[in-house]
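Understanding the architecture of this molecule
For reference, the chains in residue letters:
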Amino acid sequence: MAKLERFLDVIGHYKYLITFVVGFSIILFLGENSVMNLLKLKMQKEDLQEEIDRYNAQEAQSKKSLEELKTNPDAVEKVARERYFMKKADEDVFVFSTDKNDAE
């Protein structure tokens, strides 16, 4: 019984400190704005920023290609030949494949 009284006396003496430490710990580790949650959100933000940068670079490249297609007729011919296998009337087109299934 003496141990219980001594324990309660210590708790009573440091009740504000104990309350502060327990409350701060709950907020720090278990709350919605916990450190773990903030670190996870920071990593997610960095990933999304990298994705935004990648899309911006892709958009710039697409705009450059579009502008070249609008102004250069040779670029249109190049795209037509490479992507759509178009040819002039007096040409033959040969398409080579590196797939292993075609060799078998």
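Coordinates for the structure precede this section.
Residues numbered from 1 in each chain as written. Predicted model: local features only at pLDDT ≥ 70, side-chain atom pairs only at ≥ 80, totals over all residues. Heavy atoms only, no water.

1. Regarding the pattern of salt bridges
Going by this rule: Each reported salt bridge corresponds to a side-chain nitrogen of Lys or Arg within 4 Å of a carboxyl oxygen of Asp or Glu. Secondary structure elements follow DSSP: runs of H or I no shorter than four residues count as helices, runs of E no shorter than two count as strands, and numbering proceeds from the N terminus. Buried residues are those whose accessible area, probed at 1.4 Å on protein chains only, stays under 20% of the maximum for their type, while exposed residues exceed 50% and partly exposed ones sit between those limits.
One pass over the full model with this rule turns up two salt bridges. Put simply, Lys63 and Glu59 hold a salt bridge, and the shortest N to O gap is 3.5 Å. Highlighted residues: Lys63 and Glu59, both in helix α3 (residues 35-71), separated by four residues, approximately one helical turn. Residue Lys63 is classed as exposed on the basis of its relative accessible area, which comes to 53%. Glu77 serves as the salt-bridge partner of Arg81, at 3.0 Å between the closest nitrogen and oxygen. Of this pair, Arg81 and Glu77 both sit in helix α4 (residues 73-84), four residues apart, which is roughly one turn of that helix.

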